[in-house]
Amino acid sequence: MTETRTGSPLSAGTTMGVSRRTLLKGTAAAAGVAIGSGAITGFPTIWAQNIKNVTLRQFGTGVSNLNAVADKVKEDLGFTLQMTALDSDAVAQRAVTQPKSYDIADIEYWICKKVFPAGVMQPMDVSKIKNFDKIVPIFVNGKLTPESAVAQGTAPHTVGFVEGKDSIKFAKSATQWMTLIPTIYNADTLGIRPDLVGRPITSWTDLLDPAFKGKASIINIPSIGIMDAAMVCEAMGEVKYGDKGNMTKEEIDKTLKIMTDAKKAGQFRAFWKTFDESVNLMSSGEVIIQSMWSPAVAAVRAKGIQCVYQPLKEGYRAWGGGLGIAKHLSGLELEAAYEYINWYLSGWVGAYLNRQGYYSAVLDTAKEHMSPDEWAFWMEGQPAKTDILSPEGKVMEKAGAVRDGGSFKDRMGRVACWNAVMDEDRYMVRKWNEFVAA
């Protein structure tokens, strides 16, 4: 992987293989300077006077719709950001059926595949994105490094661009027009209670080990849960997928039969949809192995309870999300939306996300807002020299601790699949719901 002079794990100019200048061929680069200045002091007086009256309505999942971000927007940019947090399925439904109820959609890329073709959002001009050239290349061409393989599933770059300014058709390669500006992503695995599982956990197959009967759980969001299930079934050798991110009906049936049989045998204590549900299941000891998100593991640890985000030999299931703009937004509100997105990528939010165990889409700017020890712990997989603090200042890890899974390159370099919307999505969702209800 290419290193920058400051030690960042990525050098976007050499790793991405495509730049804003390349995409635009010099036609609109200057336009981004005004709207992407990063501070309202650079704007005309009339803009600065009116911006305090702007309110942007944002909705998305609780993963990234954070009150701290809204508070910082008010402090730094002067306008109001109203946030609403929903579960992933509710986000997808609201985005399509209530397009006038929001201005900013904070959604995952698999959701984008369902939402953007509905014509409720507007393509975004990358000439207005100040740090476009520094975005991690996974979101542009699907590869962490030039040598990386593109993982299966709905990889962000496959739904990240459209063919033109007014298009709803996904482009096969990078263009000037993005569907979402990427902000957050991670490589997910199983969370475990090492004090209760009683043995090393090394494979996705361990989720269905009868030794954990009644103590296992899986996420109940079909486009995410089906990928966890596929990782389990593939690791067991029970299903050989052509592409587990785009299963045939036969592959869906085989996968969910295995999971249904396990459910009927009493393997699962519960299914969860929200962050808090997963934390409560694990911290109570009702569940000792389950689908989990990195900050949820940290939240369990913050209670003084042992919890590990366990690296597995088959690799990780990845996900990513970004900010999109509603089609109806225009004028001052549209300018404010671009200013907000540019601010989001300027570093403060990136550092906040990194400190929760997520990854920011622009690593270079996030690094500027983190201490050398924080960066070494979260991004380079090095032992902490001092106690590692949460964004709220609470101790998350003691000095000497090492992040589960190691460095950014170790984790994101071992992605086996992304959350996915398949060609047979309706069939899969129906079968998934039958499994949950069985």
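Computed from a predicted model, the values in this text were never measured in an experiment.

(A) Quick look at the sheet that holds strand β5 (residues 124-125). Across the sheet, 3 strands lie side by side as β5-β7-β6; this open sheet has antiparallel pairing. In the strand order of this sheet, the two ends are held by β5 and β6 (161-162), each with one partner. Note: β5 against strand β7 (residues 177-178), 2 bridges, orientation antiparallel. Bridge pairing links Met124 to Met178 in β7.

(B) Quick look at the side chain of Arg317. Tracing the sequence through the fold places Arg317 in strand β14 (residues 316-326). Look at Arg317 and you get buried, because its relative accessible area is 1%. For Arg317, the side chain forms a polar contact with the side chain of Asp228, separated by 2.5 Å. In terms of polar contacts, Arg317 uses its side chain to reach the side chain of Asn419, at 2.8 Å.

(C) Spotlight on the nonpolar core. Ranked by internal contacts, the top residues of the largest apolar core, which has 100 residues, are Tyr340 and Met412. The leading source of residues in this core is helix α14 (residues 331-344), at 8 residues. For Tyr340, the residues in contact, after removing those within four places along its chain, are Gln58, Val69, Val73, Leu77, Phe79, Leu81, Met83, Ile104 and Leu323. With 37 residues, the next largest nonpolar core counts Ile218, Ala230, Ile288 and Tyr427 among its residues.

(D) Structural view of the packing of helix α5 (residues 67-77) against α14. In the contact formed by α5 and α14, the axes pass within 11 Å of each other and the chain directions differ by 110 degrees. When the interaxial angle is binned, α5 and α14 end up roughly perpendicular. Along this stretch, α5 crosses α14, giving a crossing that reads as right-handed. Contact residues: α5 offers Val69, Lys72, Val73, Asp76 and Leu77, while α14 offers Glu339, Tyr340, Trp343 and Tyr344. For the contact of α5 with α14, the class distribution of residues is 6 nonpolar, no polar and 3 charged.

(E) Summary view of helix α19 (residues 425-437). Compared with the 18 Å implied by 1.5 Å per residue over 13 residues, the 18 Å span of α19 between its first and last C-alpha is a close match. Taken together, the buried positions of α19 are occupied by Asp425, Tyr427, Met428, Trp432 and Phe435. Seen end-on, α19 carries its buried residues on one side only, within an arc spanning 155 degrees. Turned more than 90 degrees away from the buried face of α19, the exposed residues are Arg426 and Ala437.

(F) Up close: the sheet that holds strand β12 (residues 289-291). Taken together, 5 strands build an open sheet; the order of strands is β11-β10-β12-β9-β13 and the sheet is mixed. Of all strands in the sheet, those bounded by a partner on one side alone are β11 (268-272) and β13 (308-310). For this sheet, the mean angle separating the axes of adjacent strands, direction not counted, is 25 degrees. Taken together, the 4 bridges between strand β10 (residues 216-219) and β11 define a ladder with parallel strand orientation. Residue pairing across strands places Ala216 opposite Phe268, the latter belonging to β11. Packed onto the sheet, helix α10 (residues 222-236) meets β10 and β12 and runs at close to 130 degrees relative to β10. Contacting β9 (190-192), β10, β11 and β12, helix α12 (residues 275-284) crosses the sheet at an angle of about 155 degrees to β11.

(G) Fine view of the pattern of salt bridges. Under the criterion given, the structure shown has 20 salt bridges. A salt bridge links Asp103 to Arg57, with the shortest nitrogen-to-oxygen separation between them at 2.9 Å. Highlighted residues: Asp103 in the loop between α6 (88-97) and β3 (104-108) and Arg57 in strand β1 (residues 55-60), separated in sequence by 46 residues. In this structure Asp103 comes out as buried when scored by relative accessible area, which is 4%. In this structure Arg57 comes out as partly exposed when scored by relative accessible area, which is 28%. Close ionic contact of Arg301 with Asp404 constitutes a salt bridge, the shortest N to O distance being 2.6 Å. Here Arg301 is found in helix α13 (residues 294-302), whereas its partner Asp404 is found in the loop between β17 (395-397) and α18 (408-412), with 103 residues between them in sequence.

(H) Region of the structure containing the pairing of β3. Of all 5 residues that make up β3, 5 are buried, and the element is covered over most of its length. Of the two faces of β3, the one holding Ile104, Asp106 and Glu108 and the one holding Ala105 and Ile107 are both buried throughout. Examined bridge by bridge, β1 and β3 share 3 bridges and lie parallel to one another. Counted as the bridge partner of Gly60 is Asp106 from β3.

Here is what the cut-offs are and how they apply
- Residues numbered from 1 in each chain as written.
- Predicted model: local features only at pLDDT ≥ 70, side-chain atom pairs only at ≥ 80, totals over all residues.
- Heavy atoms only, no water.
- Pairing = 2+ DSSP bridges.
- Helix = DSSP H or I, 4+ residues; strand = E, 2+ residues; numbered from the N terminus.
- Buried < 20%, exposed > 50% of the residue type's maximum accessible area, 1.4 Å probe, protein only.
- Polar contact = N/O pair within 3.5 Å; in protein donor to acceptor, adjacent residues only side chain to side chain.
- Core = buried A, V, L, I, M, F, W, Y, C linked by side-chain atoms within 4.5 Å.
- Contact = heavy atoms within 4.5 Å.
- Axes fitted to C-alpha atoms, helices over the stretch in contact; angles between N-to-C directions.
- Parallel < 35°, antiparallel > 145°, perpendicular 65-115°, else oblique.
- Left-handed = near helix turned anticlockwise from the far one by under 90°.
- Nonpolar A, V, L, I, M, F, W, Y, C, P; charged D, E, K, R; others polar.
- Expected span 1.5 Å × (residues − 1).
- Arc of directions from axis to C-beta.
- Salt bridge = Lys/Arg side-chain N within 4 Å of Asp/Glu carboxyl O.

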